Structures are given as structure tokens and as C-alpha cells.
Amino acid sequence: MLLYPRHPRTPAVTIAGCSHAAGPPHPRTPAVTAQTPLQPRPALSPGSQVLCTWARPLLPVPAPSPVLSFCSVAVGDPDGRPVVALSRMLYPQPKALTPRRSDVLVLTPWLAPIVWEGTFSPEILDEQFRLQNVTVGLTVFAVKKYVAFLRLFLETAEQHFMVGHRVTYYVFTNRPADVPHVPLREGRRLAVLTVRSHARWQDVSMHRMEVISRFSEQRFRREVDYLVCADVDMKFRDHVGVEILSRLFGTLHPGFYRADRRAFAYERRPRSQAYIPPDEGDFYYMGALFGGSVAEVQRLASACHQATVLDKANGIEAVWHDESHLNRYLLYHKPTKVLSPEYLWDQRLLGWPSVMKKLRFVAVPKNHEEMRSP
Ligand SMILES: CC(=O)N[C@H]1[C@@H](OP(=O)(O)OP(=O)(O)OC[C@H]2O[C@@H](n3ccc(=O)[nH]c3=O)[C@H](O)[C@@H]2O)O[C@H](CO)[C@H](O)[C@@H]1O
Ligand SMILES: [Mn+2]
């Protein structure tokens, strides 16, 4: 099987003036051919609690037929991951004149896919990402009473999140003893990381950006390829797989996907670093699910954290906290994929409209006052 070289990296540019390089190519994960078994990852850093590790390759990678290998196709990955050669696969032909979905926008004006059920083949994507030996980190904060959400979050993630791929859960908490022991599938592990708590829930929420930024630099970049950052008061109820992975992704807020940009809950006070004027804006993204490559998530989290620090120095707090800063960041650093509200839904508040073919990651009912009280 042929291995094709990576695309040369093009530096990412921001639209609001400042520019940054896209970072060096991923140094750790060699591309694998279909013959190469998946390699185990290095152990977690000392001091972390490892509840489950794997010893054997994940799913068996089928050996390609020598007769058919001439018709393998090279698949270019927009994220600078190695290009891998697939072997023969059978699936319905994509038709240039027949959209798979005609009821929803499936591409942004900057040509980022908007991920809806029916627009992608999990089989093709699973094969590509498995051949790349990808490891996904899922960060989740469960501070104070929010540890109560962890069991359902983790149990349902085991059923629906990145099944068949390597996953490391990073659980940030101030109550490590209360983290439930949930049996994990092969290839998946969980690290409990102790963080301080804050009196105000807004500070707990905002400080996630600081912690994610710090851990990306110190640890995540050595252990995983992609990061997915999620709220904990949620459960998985359908497939959430590698179709979400991209250099930088955000998720449409389920309360605003039909709204005019003027109605978005952006921060509207120019004094805040999160300010967005009424005539700007693509989408209203929700703070409860975003991610990307470790390098891009680190940039995003660091920028959002710095913005909250500046706001605090200026005596202002953005209307929706980290979510406001996330929205400002994603306006000027266009995401390379956008997840539809299938990936963030609240059935109690919003029912189940027919445009949502699947509800994948959904809010768990919570008593806000009770959960946020000391
Ligand atoms: C309907 C609504 O109000 N939505 C907003 C609210 O979402 P939420 O009501 O979903 O916020 P939340 O209470 O889930 O807090 C965000 C996350 O912070 C973590 N956490 C928070 C508090 C705590 O004591 N312990 C803890 O671990 C936890 O991971 C949680 O999921 O706030 C967010 C953050 O500002 C966004 O602005 C949302 O749009
Ligand atoms: Mn939440």
C-alpha cells in the first residue's frame, strides 16, 4: 500500500488582523497502512489516575487484497494529518447533481462542512481515521455538585462516542474521590485531574478555558491528536464519531440555529473583548461542545482565557461568559467544521423537530439553583 506524504502546512490566518502559524505537523502518530496494527499510546503522565488502559490493538485492520490494492484511493485530509490509502470499499455513489440533504445548509460560505445526518458515511470516515491511528481526548469538567453528572455522561459516551477509536477522557474535578468507576471499552482510558473550584458557577465555567489551554501545552499535545471539549450536564444518545473531527470545530446552539444574526445572544457591549456588532456574525455557537486539533484548541482556549482576564481588569464580564468569547473567536477564526444542533440538543425545551434526524448529545435536566448552590 502506498503512503502519500502530508500536504505542506499552510499557516492559518485570522481575519481580525493577528495571524499565527498552524503549528508543526503532529510528531507522534505515524501514518499506518492497512497492514500495520495500531500502536499503543505512551502511558499517561505520572500522577494521573489511570482507570483503564489497553494492551492490544483496537479493531483489527483488514489486510488489503493484493489484487485490489491497485484501486486504492488516496484521501487528502484537510487537517494536515497523514494521507492514508484506503482499500476497496463498497458504498452508495455520491451523485454530483443529487444533494443528500436539501433541507439544511451543509456548507458554510468558507467551505466548511456543516455536519448533519445523511451528509457523511461513517464507514469511510472510520476507516480513514483508524488508518491514521487517531486518539481523541474528551475533556469534561465536573466541579462541586456537577460530579453527579459524570456517571451518565461516561456510560453513554462508552456507547456512542468515538466507538472503535482510541479515547482518553480527561475528567477535571475538585472531588477526585467521587469520580465513578465506569467500565471502559478496549482502547479507552480515563484520567482524573484535580482542579480548584470557584465559588461562582460562571467562574467554574470560564476557568475551563484557562485549564484546557494549560493542559494542552503541558500534556494533551503529547497524548492525543484531537480534543473534544464538552459540558458534563449532558448525555450521548446517538452516534458521535470521527465525522466531527477537524482542525477547529464549533456546534450550533440549538436555541439559535433559525435566528437572524441580530437576535444572537452575542456580547453587545463594545467594552468587552467578546463584543460583536449587530451586522456581523455567522452562527451562534454553544459553549458546551467545541474542539479541534490540540494546537488549535490551545489557541482558542488561550485567547478566550486572555479575553476574560482583560474583561475582568476592565470591570466587565461577558454576558454568556466563556460562550461569548468562544463566539467572538469563531467569528474571526473560521471553524473548519460546524456541527449541527444534532450534536447539542435539549429535548425538554425544544421537542424533536423533523429536521433533526438524530439527537446525538442532549442536555440532562438539571435544577440550576440547586446544582449551582454551594
Ligand atoms: C441555558 C443556559 O443558561 N445556557 C448557558 C449556560 O449553560 P449551562 O446551564 O449548560 O451551564 P452549566 O451549568 O452546564 O456550566 C457549564 C459547565 O461548567 C462546569 N461546571 C459548572 C458549574 C459547577 O458548579 N461545576 C461545573 O463543573 C460543567 O462542566 C458544566 O457543564 O451557561 C453556559 C456558560 O456560560 C452558556 O452560556 C450557556 O449558553
Ligand atoms: Mn451545561
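Each remark here, short or long, concerns the structure printed above.
This section reports on the structure supplied with the text. None of these values were measured; they are calculated from a predicted model.

As for the site of ligand 1
Around ligand 1, the structure places 20 residues, and the nearest of them are Phe141, Val143, Tyr146, His321 and Arg372. A distance of 3.0 Å separates an oxygen atom of ligand 1 from a polar side-chain atom of lysine 366. Contact between ligand 1 and histidine 368: an oxygen atom at 3.3 Å from a side-chain N or O atom of the residue. Bound to the protein, ligand 1 loses 87% of the 730 Å² it would expose on its own. Every element with two or more residues in the shell around ligand 1 is listed here: α3 (201-223), α5 (322-332) and α7 (368-372). Looking at the shell around ligand 1 element by element, the count peaks at four residues for α3. Class assignment of the residues belonging to the shell around ligand 1 gives a composition of eight nonpolar, four polar and eight charged.

A few points about the coordination of the manganese ion (ligand 2)
Every protein donor of the manganese ion (ligand 2) is accounted for by Asp231 (OD), Asp233 (OD) and Asp233 (OD), and the metal-donor separations fall at 2.1 to 2.4 Å. Both residues of the pair, aspartate 231 and aspartate 233, count as buried.

Some thoughts on the pattern of salt bridges
In a structure, side chains of opposite charge can pair up when their charged atoms sit close to one another. The final tally for this structure, using the stated rule, is 18 salt bridges. Across the salt bridge formed by glutamate 317 and arginine 200, the nearest N and O atoms sit 2.9 Å from each other. Note that glutamate 317 is positioned in the loop between α4 (294-313) and α5 and arginine 200 in the loop between β7 (188-194) and α3, a separation of 117 residues in sequence. Among the residues examined, glutamate 317 registers a relative accessible area of 29% and is labelled partly exposed. Of the charged contacts, one joins glutamate 296 and arginine 299 as a salt bridge, the two residues approaching to 2.9 Å between their closest N and O atoms. Here arginine 299 and glutamate 296 lie together in helix α4, a separation of three residues that amounts to about one turn. Put simply, Glu117, Asp238, Glu342, Lys358 and Arg360 are held in one network by salt bridges that share partners.

Focus: the nonpolar core
Core analysis: the biggest nonpolar cluster contains 45 residues, and Phe153, Phe161, Val228, Ile244 and Leu245 have the highest contact counts within it. Elements that contribute at least two residues to this core include exactly α1 (122-131), β5 (135-141), α2 (150-160), β6 (166-173), β7, β8 (226-230), β9 (234-236) and β11 (285-293). With 38 residues, the next largest nonpolar core counts Trp116, Phe215, Val224 and Leu330 among its residues.

Cut-offs used in this document
Residues numbered from 1 in each chain as written. Chains lettered and ligands numbered in written order. Predicted model: local features only at pLDDT ≥ 70, side-chain atom pairs only at ≥ 80, totals over all residues. Heavy atoms only, no water. Near = heavy atom within 4 Å. Polar contact = N/O pair within 3.5 Å; in protein donor to acceptor, adjacent residues only side chain to side chain. Areas by Shrake-Rupley, 256 points an atom, 1.4 Å probe, with all protein chains shown as cover. Helix = DSSP H or I, 4+ residues; strand = E, 2+ residues; numbered from the N terminus. Nonpolar A, V, L, I, M, F, W, Y, C, P; charged D, E, K, R; others polar. Donors = N, O, S within 2.8 Å, 3.2 Å for Na, K, Ca; no water. Buried < 20%, exposed > 50% of the residue type's maximum accessible area, 1.4 Å probe, protein only. Salt bridge = Lys/Arg side-chain N within 4 Å of Asp/Glu carboxyl O. Core = buried A, V, L, I, M, F, W, Y, C linked by side-chain atoms within 4.5 Å.

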